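Survey of secondary and tertiary structure
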Amino acid sequence: MPDPSSQPAPLPPPRSTDGYRIALVCLGNICRSPTAHVVLERRLADAGLGGRVEVASSGTGGWHVGNPMDERAAATLSAAGYDPSRHRARQYGATWPEAYDLVLVMDAANLADVGGRTERVGLFRDFDPVDPGGEVPDPYYGGADGFEEVLAMVERTSDAIVGALPGTLGTPAGDHA
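Residues numbered from 1 in each chain as written. Predicted model: local features only at pLDDT ≥ 70, side-chain atom pairs only at ≥ 80, totals over all residues. Heavy atoms only, no water.

1. Overview of the side chain of Asp101
Examined against the element boundaries, Asp101 turns out to sit in the loop between α3 (96-99) and β3 (102-105). Here Asp101 falls in the buried class, since its relative accessible area comes to 4%. At a separation of 2.6 Å, a polar atom in the side chain of Asp101 contacts the main-chain amide nitrogen of Arg21. Leaving out residues up to four positions away in the same chain, Asp101 has contacts with Pro12, Pro13, Pro14, Arg15, Gly19, Tyr20, Arg21 and Arg120. (Helix = DSSP H or I, 4+ residues; strand = E, 2+ residues; numbered from the N terminus. Buried < 20%, exposed > 50% of the residue type's maximum accessible area, 1.4 Å probe, protein only. Polar contact = N/O pair within 3.5 Å; in protein donor to acceptor, adjacent residues only side chain to side chain. Contact = heavy atoms within 4.5 Å.)

2. Remarks on helix α1 (residues 32-46)
The terminal C-alpha atoms of α1, which comprises 15 residues, lie 21 Å apart, in line with the 21 Å expected from a rise of 1.5 Å per residue. Where burial is concerned, most of α1 is hidden: eleven out of the 15 residues are buried. Among all positions of α1, only Arg32, Ser33, Pro34, Thr35, Ala36, His37, Val38, Val39, Leu40, Arg43 and Leu44 are buried. (Expected span 1.5 Å × (residues − 1).)

3. Some remarks on the packing of aromatic side chains
Per the counting criterion, the structure on display carries three aromatic pairs. Residues Tyr92 and Trp96 carry aromatic rings whose centres are separated by 5.6 Å and whose planes lie at 50° to one another, so their mutual orientation is tilted. You can call Trp96 buried: its relative accessible area is 8%. Through pairs of rings, three or more aromatic residues link up here, namely Tyr92, Trp96 and Tyr100. Sitting above the plane of the Tyr100 ring, Arg21 keeps its charged end 4.2 Å from the centroid. (Phe/Tyr/Trp six-rings, centres within 6.5 Å; stacked < 30°, edge-to-face > 60°. Lys NZ or Arg CZ within 6 Å of the ring centre and 35° of its normal.)

4. Concerning the sheet that holds strand β2 (residues 53-59)
With parallel pairing, the four strands of this open sheet are ordered in space as β2-β1-β3-β4. The open sheet is flanked by β2 and β4 (121-123), the only strands paired with a single partner. Taken pair by pair, the neighbouring strands of this sheet meet at an average axis angle of 25°, ignoring direction. Pairing of strand β1 (residues 20-26) with β2, which is carried by seven bridges, proceeds in the parallel orientation. (Pairing = 2+ DSSP bridges. Axes fitted to C-alpha atoms, helices over the stretch in contact; angles between N-to-C directions.)

5. Some words on the nonpolar core
Side chains of a nonpolar character, in soluble globular proteins, are inclined to be buried together. Ranked by internal contacts, the top residues of the largest apolar core, which has 35 residues, are Ile22, Leu24, Phe124 and Leu165. If you list the elements that add at least two residues to this core, you get β1, α1, β2, α2 (71-79), β3 and α5 (144-169). Residue contributions to this core peak at eight residues, all from α5. (Core = buried A, V, L, I, M, F, W, Y, C linked by side-chain atoms within 4.5 Å.)

6. Digging into the confidence of the model for the chain
For the chain, mean pLDDT is 91; residues scoring 70 or higher make up 91% of the total. In the predicted structure, residues 1-5 sits below a pLDDT of 50 and forms one contact with residues beyond four places in sequence or in another chain. Counting interchain partners and residues more than four positions distant, the pLDDT-below-50 stretch residues 172-177 has seven contacts. (pLDDT = per-residue confidence, 0-100.)

Laid out in structure tokens, this is it:
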């Protein structure tokens, strides 16, 4: 059970009044960040915030650019009722920290690869209500249970991010139109 006294990190303010942009980053953009991308977009749509918040994902490496999501990650998402079919891997660019309101990476190595923590760059799990500041483990070299573990982390962390957005966007909770 989460410690009620531990509050997740606050979201940085939007750079403009026309919405909010979140970038999610991992190593190859085929497992963790696309899982977070698909889940966060669904959660935003369900909360009525899809039109106000843009989500993108990328990898720090370029090995998989243009490829679909890892089959195991896609299967885990599909089994949970998500649609992973639109994803195509992209590579993180040096301009992303200025182009996005918030850049969230999956682990400490990714954080180092993007230049380190700033007001707008941090770990995805800085917002995890169960383990704030933890890393999202890379399931690539493991079995199906690793992808399921990542999905559980991503779902609860996405819920926390979506819960924080109305205040950041200046929208009262429950009034997302």
